[in-house]
Amino acid sequence: MAGAADGMGSKYAALDPTDGPELDAAMVSRRRPSASERRSKERFVYGCAIFASLNAILLGYDVGVMSGAIIYIQKDLHITEFQEEILVGCLSVISLLGSLSGGRTSDAIGRKWTMGLGAIIFQTGAAIMTFAPSFTVLMIGRLLAGVGIGFGAMISAVYIAEISPAAARGTLTSLPEICINLGILLGYVSNYAFSGLSEHISWRVMLGVGILPSVFIGVALFVIPESPRWLMMEKRVPEARAVLLQISESEAEVEERLAEIEEAANIMKSVNSEDKAVWRELLNPSPAVRRMLYAGCGIQLFQQITGIDATVYYSPTIFRDAGIKSDQELLAATVAVGFTKTIFILVAIFLIDKVGRKPLLYVSTIGMTVCLFALGTALTLRKHAEGLISPNLGIDMAIFAVCGNVAFFSIGMGPICWVLSSEIFPIRLRAQASALGQVGGRVGSGLVSMSFLSMARAISVGGMFFVFAAISTVSVVFVYFCVPETKGKTLEQIEIMFEGGKEWKGGGEVELEDTQHLIQGDKKSFSLG
């Protein structure tokens, strides 16, 4: 492999017109950028990742703002409970259209222009919702917004993974989750800020403000470069090399990464027949790809069916069931949830490339299970054993449990879902496999959102959170058996790890031991693979 890498390195070096024939591999390897140049390259990579993550703010804002806007939509348009569930939950399901078509689109026109297309579609949908005179028109805008969100959210994580160095990929690919949390918080704040307007105007302003982030996305497209891996897939090697020179520490690293990308693409071509379609390959996968799909689709599914969207979308309903009465107090409580979610995602960003993905997933899933069970207990006691706890204590318990649930979610399941989905698939399958991985998550989110109120009426709100607690328990088992540790590995090394199988299965006891160190506050970096 080293020989191949050297050969490819010299081939790509020759494509650079600035390099003379006398510049050999040894001279390239001796070049080292200064500290200021390295910092400049790091800032550029982080800037690209932040710009690409702006798409996720659209998703987060929509989730957060709808939880409060629905209160005023009900009063203004007089919609039924069933219509409320459809309006809230349809975005997750319809975003599948954007996600699934986004994979093929990004392979055709590039990663960054697919993000731009998603922003345009979302803007159109948000504008229609803002001026909707009826429920039908509101649904049309909602459906368009969902397609736009599906386009942008799916491809953002893929783009970030493809421009990130291995050592910082976990942090950078977590940025979309930060932006989702920031968007949710902004949505909650928007609800509270505009709640004093009339019923006819308040929800329209709340939804209309969501157009602003997509404007910044349009500006970002003229700043960020195209993915070097996509450029290599299109055989635009000089352009890919130019991008890698902007984001890599040295020219030797550029040649090495070019060789790795090219070799990974060639391996995938040799494993499968040349004319085999990507979707056919995904539907009839090899053992390695099957393991990737188990991990990628499974983590997306568990992220949603453990009830996070129900907690966020219906937090006013939860707090009303806990005993809070006024609309403004309900919206103020949701702002506290938004702040908690945003703060703890920042904790995850600092830890994900230090302690690894799997220990954080253990802490996250176990903590969520405890908090979901506590929330179910608090709501059930208030309803069926009112004399056992005071009303204020029941409200405090509910707020604490909801905040705890979103905190543990933000430490692990939230950001790591994005990280794994964007880094475990090989380059030839990455865009469409990532889109397929979102199917489970979006379907799960839609089913939870569209059935929560009906199910809660049948078994109570507290009963629903006992169900979520049971599902969260299963997610702990899933993490143990199906999720590999990918910390510190290049995308090409991760592919080889899945091909090997043995390394993919091993290490469970070590990772559990690392989790104990994490809980005890150990700040060391663990070597987990």
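Residue positions are given per chain, counted from 1 along the sequence in the order it is written. Whole-chain, interface and lining totals are the exception, using all residues; otherwise, since this is a predicted model, local features are given only for residues with pLDDT of at least 70 and side-chain atom pairs are given and counted only at 80 or more. Hydrogens are left out, water is left out, and the side-chain values use all remaining heavy atoms of the structure.

S.K.: What is the right way to look at the overall build of the chain in this model?
M.R.: Broken down by element type, the chain carries 26 helices and zero strands. Residue burial is assigned from relative accessible area. The probe radius is 1.4 Å, only protein chains are included, and a residue is buried under 20% of its type maximum, exposed over 50%, and partly exposed in between. In the chain, which comprises 529 residues, the proportion classed as buried is 60%. The contact criterion used throughout is that any non-hydrogen atoms of two residues lie within 4.5 Å. Contacts in the chain between residues at least 24 apart in sequence constitute 84% of all its contacts with a sequence separation of at least 6. Helix numbers and strand numbers start at the N terminus; a helix is a DSSP run of H or I with at least 4 residues, a strand a run of E with at least 2.

S.K.: What is the right way to look at unusual backbone geometry in this model?
M.R.: Where the residue is not glycine, phi is negative for most of them; where a peptide bond is considered, it is trans in most cases. Even without being a glycine, His-78 presents a positive backbone phi close to 55°. Assignment of secondary structure puts His-78 in the loop between helix H3 (35–77) and helix H4 (81–109). Note on His-78: relative accessible area 63%, which makes it exposed. A positive phi angle is found at Lys-235, which is not glycine, with a value near 60°. You can see Lys-235 is positioned in the loop between helix H11 (228–233) and helix H12 (237–247).

S.K.: Please clarify how the environment of Val-347 should be interpreted in this entry.
M.R.: Mapped onto the elements, Val-347 comes out in helix H18 (residues 327–355). Separated by 64 residues in the primary sequence, Val-347 and Ile-411 place their C-alpha atoms 6.7 Å from one another.

S.K.: Please clarify how the pattern of salt bridges should be interpreted in this entry.
M.R.: Note that side chains of opposite charge can pair when their charged atoms are close. Criterion for a salt bridge: a side-chain nitrogen of Lys or Arg within 4 Å of a carboxyl oxygen of Asp or Glu. With the rule as written, the count across this model stands at seven salt bridges. The salt bridge involving Glu-162 is made with Arg-111; its shortest N-O contact spans 3.0 Å. With Glu-162 in helix H6 (residues 135–163) and Arg-111 in helix H5 (residues 111–130), the pair connects residues that are 51 residues apart, well separated along the chain. Accessibility expressed as a relative area gives 0% for Arg-111, which makes it buried. Salt bridges sharing common partners tie together Asp-107, Arg-111 and Glu-162.

S.K.: Honestly, the packing of H4 against H6 in this entry has me stumped. Any pointers?
M.R.: Each pair of packed helices gets described by two things: the angle between the helix axes and the distance between those axes. Interaxial angle, 0 to 180 degrees, is taken between N-to-C directions of lines fitted to C-alpha atoms, where a helix line uses only the stretch in contact. Relative orientation of the contacting elements H4 and H6 amounts to 40°, with a least axis distance of 6 Å. Between H4 and H6, the crossing angle belongs to the class labelled oblique. Between H4 and H6 the crossing geometry is right-handed. Gly is placed with the polar residues, together with every amino acid not listed as nonpolar (Ala, Val, Leu, Ile, Met, Phe, Trp, Tyr, Cys and Pro) or charged (Asp, Glu, Lys and Arg). Residues of the contact of H4 with H6, tallied by class, amount to 17 nonpolar, 11 polar and one charged. Oblique is the label for any angle not under 35 degrees, not over 145, and not in the 65 to 115 range, which are roughly parallel, roughly antiparallel and roughly perpendicular in turn. With the far helix as reference, a near helix turned anticlockwise by less than a right angle produces a left-handed crossing, and one turned clockwise produces a right-handed crossing.

S.K.: Would you mind showing me how to read the packing of aromatic side chains here?
M.R.: The geometry of an aromatic ring pair comes down to the distance between the two centres and the angle between the two planes. For this analysis, a ring pair means two rings from Phe, Tyr or Trp (six-membered ring only for Trp) whose centres lie within 6.5 Å, classed as stacked if their planes differ by under 30 degrees, edge-to-face if by over 60, and tilted for the remaining angles. Following the criterion strictly, the structure yields seven aromatic pairs and no others. With a centroid separation of 5.1 Å and an interplanar angle of 15°, the aromatic rings of Tyr-314 and Phe-452 are classed as stacked. Linking Tyr-314 in the loop between helix H16 (308–313) and helix H17 (315–322) with Phe-452 in helix H22 (residues 430–459), this pair joins segments that are 138 residues apart in sequence. You can call Phe-452 buried: its relative accessible area is 0%. Among the aromatic side chains, those forming a connected cluster through ring pairs are Tyr-314, Phe-452, Phe-465 and Phe-468. The ring of Tyr-480 carries the charged tip of Lys-358 above its face, separated from the ring centre by 6.0 Å. Geometrically, a charge over a ring is one whose NZ (Lys) or CZ (Arg) sits within 6 Å of the ring centre while staying within 35 degrees of the ring normal.

S.K.: Got a minute to help me understand the confidence of the model for the chain in this structure?
M.R.: Detailed reading of the predicted coordinates is not advisable wherever pLDDT is low. Within a predicted model, pLDDT stands for the predictor's per-residue confidence, ranging from 0 to 100. Model confidence for the chain is summarised by a mean pLDDT of 78, while 83% of its residues fall at 70 or above. Ranking the elements of the chain by mean pLDDT puts helix H26 (residues 508–519) last, at 40, and helix H23 (residues 461–482) first, at 92. A low-confidence stretch, residues 271–275 (pLDDT under 50), is modelled with three contacts involving residues beyond four sequence positions or located in other chains. In the model, residues 502–529 has pLDDT below 50 throughout and makes 45 contacts with residues more than four positions away in sequence or in other chains.

S.K.: How should the side chain of Thr-130 be read in this particular structure?
M.R.: Locating Thr-130 in the fold gives a position in helix H5. Apart from the residues within four sequence positions on either side, Thr-130 is in contact with Arg-204, Leu-207 and Gly-208.

S.K.: What is the right way to read the nonpolar core from this model?
M.R.: Proteins that are soluble and globular tend to have nonpolar side chains buried together. Put simply, a nonpolar core is a bunch of buried Ala, Val, Leu, Ile, Met, Phe, Trp, Tyr and Cys residues held in one set by side-chain atoms that sit within 4.5 Å of each other. Core analysis: the largest hydrophobic core is formed by 105 residues, its most contacted members being Ile-73, Leu-138, Phe-452 and Phe-465. In terms of residues, this core owes the most to one element, H3, which gives 15 residues. Domain limits in this description derive from either an automatic procedure or a database domain assignment. Residues from two domains meet in this core; each of domain 1 (35–223) and domain 2 (284–498) gives at least three. Non-local contacts of Phe-452, meaning those with residues more than four positions away in its chain, are made with Glu-85, Ala-310, Tyr-314, Val-461, Met-464, Phe-465 and Phe-468. Ile-160, Ile-224, Ala-240 and Ile-247 belong to the second-largest nonpolar core, a separate cluster that totals 31 residues.

S.K.: It is not clear to me how the side chain of Lys-112 should be interpreted in this structure. Could you clarify?
M.R.: For Lys-112, the location among the structural elements is in helix H5. This count recognises Lys and Arg as positive and Asp and Glu as negative, with His and chain-terminal groups excluded. Look at Lys-112: it is buried, it has no salt bridge, and the nearest opposite charge is Glu-226 at 6.3 Å. Here a polar contact is recorded for every N or O atom pair within 3.5 Å, except that within protein the pair must consist of a potential hydrogen donor and a potential acceptor, and residues adjacent in sequence are included only if both atoms are side-chain atoms. Polar side-chain contacts of Lys-112 include one of 3.0 Å to the backbone oxygen of Leu-221.

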